[in-house]
Amino acid sequence: MSHHNLEITVHECAAGQCKQRPDENNLGFGQYFTNHMFTMRWNIDKGWYDARIEPYGPFSLTPATLVFHYGQAIFEGMKAYRGTDESIYFFRPKDNFARMTRSAERICMPALQEELALEGLRTLVSLDREWVPRAAGATLYIRPVMIAVEPNVGLRAATDYLFFIIACPVGAYYPEGFRPTKIYVEDKYVRAVPGGVGEAKTAANYAASVLAQKEAKDKGFSEVLWLDGVERRNIEEVGTSNFFLVIDDELITPPLQGSILPGITRDSVLQLARSWGGKVSERLVSIDEVMAAAENGRLQECFGTGTAAVISPIGELTYKGRTVQINKGEAGPMSCRLYDELQAIQFGRQDDPFGWRVIV
Ligand code: COI
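Residues numbered from 1 in each chain as written. Predicted model: local features only at pLDDT ≥ 70, side-chain atom pairs only at ≥ 80, totals over all residues. Heavy atoms only, no water.

### Considerations on the pattern of salt bridges
In total, this model carries 21 salt bridges according to the counting rule given. Linking Asp-187 and Lys-320 is a salt bridge whose minimum nitrogen-to-oxygen distance equals 3.4 Å. With Asp-187 in the loop between strand 9 (181-185) and helix 4 (203-207) and Lys-320 in the loop between strand 16 (310-319) and strand 17 (322-325), the pair connects residues that are 133 residues apart, well separated along the chain. With a relative accessible area of 56%, Lys-320 lands in the exposed category. Linking Glu-215 and Lys-188 is a salt bridge whose minimum nitrogen-to-oxygen distance equals 3.5 Å. With Glu-215 in helix 5 (residues 210-218) and Lys-188 in the loop between strand 9 and helix 4, this pair connects stretches of sequence that are 27 residues apart. Connected via shared salt-bridge partners are Arg-21, Arg-82, Glu-86, Glu-130 and Arg-134. (Salt bridge = Lys/Arg side-chain N within 4 Å of Asp/Glu carboxyl O. Helix = DSSP H or I, 4+ residues; strand = E, 2+ residues; numbered from the N terminus. Buried < 20%, exposed > 50% of the residue type's maximum accessible area, 1.4 Å probe, protein only.)

As structure tokens, this is what we get:
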């Protein structure tokens with residue numbers, strides 16, 4: 001099979017195999033999946049082959065499959081949005097697949113055939129388009145994944161990979177919705193170090209975060225804010241989102257230096273805010289600076305940005321036993337404006353001056 005052919009075999013599920021769609025007003029996050037999935041395979045001699053749409057269902061993999069042992073796995077998060085005129089949009093989908101190729105290179109997986117992945121995504125969402133919700137704020141969350149499937153327990157790059165895309169209708173990521181979350185500033189565990197895999201969207205980064213997240217949840221927090229892995233001093237990211245703050249009207253987010261995820265929502269927020277003309281900085285910011293700014297009234301807002309989380313305002317930070325409230329625990333004007341504007345572009349309610357929207 002040619003490495004450059006965009007042919008996708010489509011096997012639709014039989015009428016009796018199709019699932020009922022869930023109640024759109026009670027979707028939660030990540031529990032219901034559409035009727036189909038896209039898969040393709042890669043072999044060291046053949047390249048990408050066997051691109052197909054199939055009924056959503058289990059894979060059969062032997063216990064020796066490499067991903068089960070050494071975790072060669074990467075993923076992406078994207079969404080499809082339904083406009084009021086029933087058009088369906090993706091948001092910067094090429095950027096997701098380009099990032100996936102960068103993640104792949106970091107952990108010795110093959111580069112994605114990005115055009116084919118995009119074509120697979122379009123075919124899948126077109127087929128399951130009824131699953132793109134109509135309820136306010138609800139979307140179809142899309143999860144592309146690549147895993148090592150060669151059966152072998154030697155530690156090395158696999159010779160065979162499986163790429164798949166599944167999709168699930170979702171509501172807000174946090175049960176709080178747009179209400180501000182409480183965040184625990186993590187000072188015991190670290191997520192990433194220079195030279196590590198922090199900027200790749202690998203499953204390993206998320207596995208590394210679960211214990212800290214669980215301990216924070218047990219103490220009543222929604223999430224942790226990670227500090228840099230060497231000095232535990234500079235702000236990095238929240239496990240599910242990039243971190244932004246506003247001090248003295250300056251919008252600040254940490255720079256991409258290899259240990260944080262290069263978020264597509266992060267980049268969109270920077271472009272939007274720059275277009276509004278305020279002061280916007282990508283710079284190192286220490287937790288001491290943040291706590292001091294909060295204590296002398298200069299910290300105006302904190303929020304997370306991500307595909308799943310969108311703009312997620314932060315109402316409280318707790319660091320080494322000190323808790324500071326931000327903007328009286330309310331979402332601030334910058335968070336609200338970014339949320340409204342970004343969603344208006346994503347759902348097609350507003351012009352798209354940056355060319356981010358792609359119609360399905
Ligand atoms: C996303 O925002 O799409 C992500 O991949 C984060 C994940 C933890 C839900």
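### A short note on the domain arrangement of the protein chain
According to the domain assignment, the protein chain consists of domain 1 (2-170) and domain 2 (181-345). The straight-line distance from the C-alpha centre of domain 1 to that of domain 2 is 28 Å. In this assembly, 19 residues from domain 1 lie in contact with 21 residues from domain 2. When domain 1 packs against domain 2, close to 1,600 Å² is buried across both sides, 61% of that on carbon and sulfur atoms. Of all residues in domain 1, Phe-75, Arg-92 and Arg-99 give up the largest surface area on contact with domain 2, accounting jointly for 35% of the area buried on that side. On inspection of domain 1 and its partner domain 2, the count reaches one salt bridge. A salt bridge links Asp-267 to Arg-92; its shortest N-O distance comes to 2.9 Å. Summed over the shared surface of domain 1 and domain 2, the number is ten residue pairs in polar contact (both at pLDDT 80 or more). Broken down by element, the residue count for the side of domain 1 that touches domain 2 peaks at six residues, all from helix 2 (residues 93-106). Of the residues belonging to the side of domain 1 that touches domain 2, the class tally is nine nonpolar, three polar and seven charged. (Domains from an automatic or database assignment. Contact = heavy atoms within 4.5 Å. Buried area = accessible area lost by both parts, 1.4 Å probe. Polar contact = N/O pair within 3.5 Å; in protein donor to acceptor, adjacent residues only side chain to side chain. Nonpolar A, V, L, I, M, F, W, Y, C, P; charged D, E, K, R; others polar.)

### Some details on helix 3 (residues 114-127)
Because an α-helix completes one turn every 3.6 residues, residues spaced three or four positions apart along the sequence face the same direction. Helix length check: helix 3 (14 residues) gives 20 Å between terminal C-alpha atoms against 20 Å at 1.5 Å per residue, within 8%. Among the residues of helix 3, Leu-116, Ala-117, Leu-118, Gly-120, Leu-121, Leu-124 and Val-125 are the ones counted as buried. (Expected span 1.5 Å × (residues − 1).)

### Quick look at the site of the ligand
The environment of the ligand is made up of Phe-75, Gly-77, Tyr-141, Arg-143, Tyr-173, Lys-201, Tyr-206, Thr-240, Thr-307 and Ala-308. At 2.5 Å from an oxygen atom of the ligand is found a side-chain nitrogen or oxygen belonging to Tyr-141. In the model, an oxygen atom of the ligand is placed 3.4 Å from a nitrogen or oxygen of the Thr-307 main chain. The fraction of the free accessible surface of the ligand (280 Å²) that becomes covered by protein chains is 90%. A per-class count over the shell around the ligand returns five nonpolar, three polar and two charged. Taken domain by domain, the makeup of the shell around the ligand includes at least three residues from each of domain 1 (2-170) and domain 2 (181-345). (Near = heavy atom within 4 Å. Areas by Shrake-Rupley, 256 points an atom, 1.4 Å probe, with all protein chains shown as cover.)

### Structural notes on the pairing of strand 12 (residues 241-247)
With seven of its seven residues buried, strand 12 lies for the most part within the structure. Sheet topology places strand 11 (residues 235-238) next to strand 12; two bridges connect them, and they run antiparallel. Counted as the bridge partner of Val-238 is Ser-241 from strand 12. The turn linking strand 11 back onto strand 12 is made up of two residues. Across three bridges, strand 12 lies against strand 13 (residues 250-253) in antiparallel orientation. The residue bridging Leu-245 from the neighbouring strand is Ile-252, located in strand 13. (Pairing = 2+ DSSP bridges.)

### Quick notes on the side chain of Glu-186
Position of Glu-186 relative to the elements: it lies in the loop between strand 9 and helix 4. Lys-219 is the oppositely charged side chain nearest to the buried, salt-bridge-free Glu-186, at an N-O distance of 6.2 Å. (Lys, Arg positive; Asp, Glu negative; His and termini not counted.)

### Let's talk about the side chain of Gln-343
Looking at the secondary structure, you find Gln-343 in helix 8 (residues 333-346). If we skip the residues at most four places from it in the chain, Gln-343 touches Tyr-81, Val-310 and Arg-349.

### So, helix 7 (residues 287-295)
Listed as buried for helix 7 are Ile-287, Val-290, Met-291, Ala-293 and Ala-294. Viewed end-on, helix 7 has its buried residues packed into an arc of 160 degrees, placing them on one side of the element. Two residues or fewer past helix 7, Gly-297 is found with a positive phi of approximately 80 degrees. (Arc of directions from axis to C-beta.)

### Digging into the packing of helix 6 (residues 264-276) against helix 8
Each packed pair of helices is defined by two parameters, the angle between the axes and the distance between the axes. It is at 11 Å that the axes of helix 6 and helix 8 come closest, and there the two elements cross at 110 degrees. What the angle tells us is that helix 6 and helix 8 run roughly perpendicular. Residues Thr-265, Ser-268, Val-269, Leu-272 and Trp-276 of helix 6 form the contact with helix 8, whose participating residues are Met-334, Arg-337, Leu-338, Glu-341, Leu-342 and Ile-345. For the contact of helix 6 with helix 8, the class distribution of residues is seven nonpolar, two polar and two charged. (Axes fitted to C-alpha atoms, helices over the stretch in contact; angles between N-to-C directions. Parallel < 35°, antiparallel > 145°, perpendicular 65-115°, else oblique.)

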